[in-house]
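# What the coordinates show
Given next are the chains, with one letter for each unit.
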Amino acid sequence: SSLHFSDNNTLYSLDNGTLYTINWKKQTKTTIAENILSVTTKDDSLYLLKKQNDKSELLNIPRGGDIAKDAQILLNDLPVFTKSELLVTRSKEIFLLGDGSIYKVNDKLHKLTDNAIAWQYNDHDSSLLFIGNSEINYFDFNFNLPDCLDLRAYIHSIYAWLNPKK
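Residues numbered from 1 in each chain as written. Predicted model: local features only at pLDDT ≥ 70, side-chain atom pairs only at ≥ 80, totals over all residues. Heavy atoms only, no water.

## Thoughts on the pattern of salt bridges
What counts, and what does not: What counts as a salt bridge is simple: a side-chain nitrogen of Lys or Arg found within 4 Å of a carboxyl oxygen of Asp or Glu. Only DSSP runs of H or I with at least four residues qualify as helices, and only runs of E with at least two residues qualify as strands; both kinds are numbered from the N terminus onward.
Counted by the stated rule, this structure contains four salt bridges. Between E93 and K104 there is a salt bridge whose closest N-O contact spans 2.8 Å. Of this pair, E93 sits in the loop between strand 9 (84-88) and strand 10 (94-98) while K104 sits in strand 11 (residues 101-105); the two residues are eleven residues apart in sequence, bridging distant segments of the chain.

Here's what the structure looks like:
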């Protein structure tokens, strides 16, 4: 189960493939979509990875929109990931963490790395930090760098800080 706030303070909950809006004052939830693999919000939009038979599709729904009427298909014929997360940057670049691989979404999925075990996006400075292949990687969207910067030089100092010798 995951919770997501939109920029207009709508609370969404994704639970076992069903997406709900939550009214915490009335303590009610309303189903808005089923077969959802992952969800995120950005500005006035809701981004969904939705399972369609043996494939999935990436959808964009404007705030207050109806999934059946207002959903825009951004990309279809995608794999059905067993575990996935979506990320949308300030400049509306879309990234997908699917079964341990990080993809940039354009007209198709562009794989950036395999074996990612965690990622964190910082919207304040528009940067992405992820761990994969025993490396800590950093991507700064402000510089439009072609690839991820390898921070291997800092792993030992980070490791030492996390595991001080007694």
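## Considerations on the sheet that holds strand 9
The test is simple: A strand pair is defined by DSSP finding two or more bridges across the two strands. Helix axes are fitted only over the stretch in contact, all axes being lines through C-alpha atoms; the angle between N-to-C directions runs from 0 to 180 degrees.
Strand order in the open sheet formed by four strands is 9-10-11-12, with antiparallel pairing between adjacent strands. Each edge of the sheet is formed by a strand with only one pairing partner; in this case those strands are strand 9 and strand 12 (109-113). Neighbouring strand axes in the sheet, compared pairwise and without regard to direction, differ in orientation by 25° on average. As judged from the five bridges shared by strand 9 and strand 10, these two strands associate in the antiparallel manner. Following the sheet pairing, V88 is matched in strand 10 by I94.

## Some remarks on the sheet that holds strand 1 (residues 2-5)
Strand order in this open sheet of four strands is 1-2-3-4, and the pairing throughout is antiparallel. Each edge of the open sheet carries a strand with a single partner, namely strand 1 and strand 4 (28-33). Here the strands of the sheet are splayed against their neighbours by 30° on average, with no regard to which way each runs. Bridging between strand 1 and strand 2 (residues 11-15) involves four bridges; their strand directions are antiparallel.

## Things to note about the packing of aromatic side chains
What counts is decided by this rule: Each Phe, Tyr or Trp ring (for Trp, its six-membered ring) is paired with any other whose centre lies within 6.5 Å, and the angle between the two planes then decides the class: stacked below 30 degrees, edge-to-face above 60, tilted in between. Counting as a charge over the ring demands two things of the Lys NZ or Arg CZ atom: a distance within 6 Å of the ring centre and an angle within 35 degrees of the ring normal.
This structure, assessed with the given rule, holds one aromatic pair. Here F81 and Y103 contribute two aromatic rings whose centre-to-centre distance is 5.9 Å and whose plane-to-plane angle is 45°, an arrangement assigned as tilted. On the criterion of sequence distance, the pair formed by F81 in the loop between strand 8 (72-78) and strand 9 and Y103 in strand 11 is long-range, its members being 22 residues apart. Positioned over the ring face of Y20 is K29, at 4.3 Å from the centre of the ring.

## With respect to the layout of surface pockets
Any space left empty among the atoms is revealed by the rolling of a water-sized probe across them. What counts, and what does not: Throughout, the protein atoms alone are placed on a 1 Å grid, and a set of points is a cavity if a 1.4 Å probe fits but cannot get out or a pocket if it is open with protein on both sides within 12 Å along at least five of seven lines; lining residues have an atom within 4 Å of a point. Grid points are joined across faces, edges and corners, and a volume is the space filled by probe spheres set on the points. Throughout this entry, Asp, Glu, Lys and Arg are counted as charged residues, while Ala, Val, Leu, Ile, Met, Phe, Trp, Tyr, Cys and Pro are counted as nonpolar. The remaining residues, Gly among them, count as polar.
By volume, the largest pocket amounts to about 630 Å³. Around the largest pocket sit 27 residues that line it, and H4, V39, T40, E85 and L86 are the ones nearest its centre. Of all elements in the fold, only strand 1, strand 2, strand 5 (36-42), strand 9 and strand 13 (116-122) reach the threshold of two or more residues within the lining of the largest pocket. Its residues placed into classes, the lining of the largest pocket shows ten nonpolar, eleven polar and six charged. In this structure, the second largest pocket spans a volume of roughly 290 Å³. What lines the second largest pocket is a set of 21 residues, among which Y12, I32, L46, G64 and G65 lie closest to the centre.

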